[in-house]
Amino acid sequence: MSKRKIVIEPDPILRQKSEILEKVDDELRRLMDDMLETMYSAPGIGLAAVQVGILKRLVVIDISKEKEKKHPLFLINPEIISKSKSTSIHEEGCLSLPGQFAEIERPAECQIKYIDYDGKKKEIKAKGLLSTCIQHEIDHLDGKLFIDYLSKLKKDMILKKLVKHKKELNKIVL
Ligand code: ZN
C-alpha cells in the first residue's frame with residue numbers, strides 16, 4: 001500500500017463527473033488499499049477516488065472510532081436508491097477542503113446499492129453519520145462539494161481561504 005496525494009480545492013478535477021467502473025480486479029483493489037491508507041493517515045472518515053485524481057466511481061469510508069477495530073467500507077459504483085424525507089444536520093469537513101467545516105442539512109437516512117471489494121453486489125441502509133458520509137462521498141463522484149450547499153457568501157469566503165492555503169503549501173514545496 002502507498003499513500004496518494006490528496007487534491008485540494010480549488011481544482012477543476014473536483015468538479016468533474018467520475019466514470020462507472022467496469023470490473024473489479026487486483027489493480028482496482030490496490031487503488032482501494034491506497035485510498036484507505038491515504039484516508040487513515042490524513043486522517044479522515046471518507047475519500048472518493050477523484051480526491052486522489054482518479055475519475056472513477058469509487059469511495060472508501062470508515063466511521064469507526066479510533067480505538068475500535070477498523071471497519072472499512074469500499075463502495076464501487078455506489079448509487080442512492082432512496083432517501084428519507086426527514087433530514088439531519090451534521091458538521092461536515094472534507095480532506096480536499098482542509099480546515100474548513102460547515103453544518104449541512106441532508107436526508108437523515110439513505111439506502112444505497114454498490115459493488116464491494118470482492119466484486120459482489122450489495123445494498124445497505126444507512127443513518128446518522130454514515131448516511132451523511134455516504135451522501136457527501138457520492139456527491140464527489142458527481143463533481144459536487146459540501147460548500148455547494150452554502151450561501152454564495154459563505155462559499156466564497158471558504159474558497160478565498162483555500163486559495164490562500166494552497167499558495168502557502170506551494171511556498172513550502174518550493
Ligand atoms: Zn469530501
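Residues numbered from 1 in each chain as written. Predicted model: local features only at pLDDT ≥ 70, side-chain atom pairs only at ≥ 80, totals over all residues. Heavy atoms only, no water.

1. Details of helix α1 (residues 26-41)
Logical step 1: End to end, α1 covers 22 Å across 16 residues, agreeing with the expected 22 Å (1.5 Å per residue, within 8%).
Logical step 2: Every buried residue of α1 is listed here: L28, R29, L31, M32, D34, M35, L36, T38 and M39.
Logical step 3: Where α1 is buried, its residues meet β1 (46-48), β2 (58-61) and β3 (73-83). (Helix = DSSP H or I, 4+ residues; strand = E, 2+ residues; numbered from the N terminus. Expected span 1.5 Å × (residues − 1). Buried < 20%, exposed > 50% of the residue type's maximum accessible area, 1.4 Å probe, protein only. Contact = heavy atoms within 4.5 Å.)

2. So, the side chain of D62
Logical step 1: For D62, the position within the fold is in the loop between β2 and β3.
Logical step 2: For the buried D62, no salt bridge is present, and the opposite-charge side chain at shortest range is K70, 5.6 Å distant.
Logical step 3: Engagement of the side chain of D62 in a polar contact is seen with the side chain of Y40, the distance being 2.4 Å. (Lys, Arg positive; Asp, Glu negative; His and termini not counted. Salt bridge = Lys/Arg side-chain N within 4 Å of Asp/Glu carboxyl O. Polar contact = N/O pair within 3.5 Å; in protein donor to acceptor, adjacent residues only side chain to side chain.)

3. Here we look at the sheet that holds strand β6 (residues 109-115)
Logical step 1: Taking strand neighbours across the sheet as the criterion, the 5 strands line up as β1-β2-β3-β6-β7 in an open arrangement whose pairing is antiparallel. Looking along the sheet, the strands with just one partner apiece sit at the ends: β1 and β7 (121-127). When strand polarity is set aside, the average angle formed by the axes of neighbouring strands in this sheet is 40 degrees.
Logical step 2: Here β6 pairs with β7 via 7 bridges, running antiparallel. Looking at the pairing, K113 lines up with E123 of β7.
Logical step 3: Its contacts with the sheet put α1 on β1, β2 and β3, and the angle it makes with β2 is roughly 40 degrees.
Logical step 4: Strands β1, β2, β3, β6 and β7 of the sheet are contacted by helix α2 (residues 128-141), whose axis makes an angle of about 120 degrees with β7. (Pairing = 2+ DSSP bridges. Axes fitted to C-alpha atoms, helices over the stretch in contact; angles between N-to-C directions.)

4. Description of the side chain of D116
Logical step 1: Looking at the element boundaries, D116 is found in the loop between β6 and β7.
Logical step 2: Here D116 falls in the buried class, since its relative accessible area comes to 8%.
Logical step 3: Separated by 2.8 Å, the side chains of D116 and K122 make a polar contact.
Logical step 4: Here D116 is in contact with V24, F74, I76 and K122, once residues within four sequence places are set aside.

5. Focus on unusual backbone geometry
Logical step 1: Of note, the bond from E9 into P10 is cis; its omega dihedral lies within 30 degrees of zero at 0 degrees.
Logical step 2: Looking at where P10 falls in the secondary structure, it is placed in the segment before α1.
Logical step 3: Here A42 and P43 are connected by a cis peptide whose omega angle stands at -10 degrees.
Logical step 4: Here P43 shows up in the loop between α1 and β1.
Logical step 5: The residue N77 is not glycine, and still its phi comes out positive at about 50 degrees.
Logical step 6: By the element assignment, N77 lies in strand β3.
Logical step 7: For N77, a relative accessible area of 15% corresponds to the buried category.

6. Topic: the packing of aromatic side chains
Logical step 1: Applying the stated criterion to the full structure yields 1 aromatic pair.
Logical step 2: Residues F74 and Y117 carry aromatic rings whose centres are separated by 4.6 Å and whose planes lie at 45 degrees to one another, so their mutual orientation is tilted. Of this pair, F74 sits in strand β3 while Y117 sits in the loop between β6 and β7; the two residues are 43 residues apart in sequence, bridging distant segments of the chain.
Logical step 3: On the accessibility criterion, F74 (12% relative accessible area) is buried.
Logical step 4: Against the face of Y117 rests R29, its NZ or CZ located 6.0 Å from the ring centre.
Logical step 5: Over the aromatic face of Y40 sits the side chain of K70, whose NZ or CZ is 4.8 Å from the ring centroid. (Phe/Tyr/Trp six-rings, centres within 6.5 Å; stacked < 30°, edge-to-face > 60°. Lys NZ or Arg CZ within 6 Å of the ring centre and 35° of its normal.)

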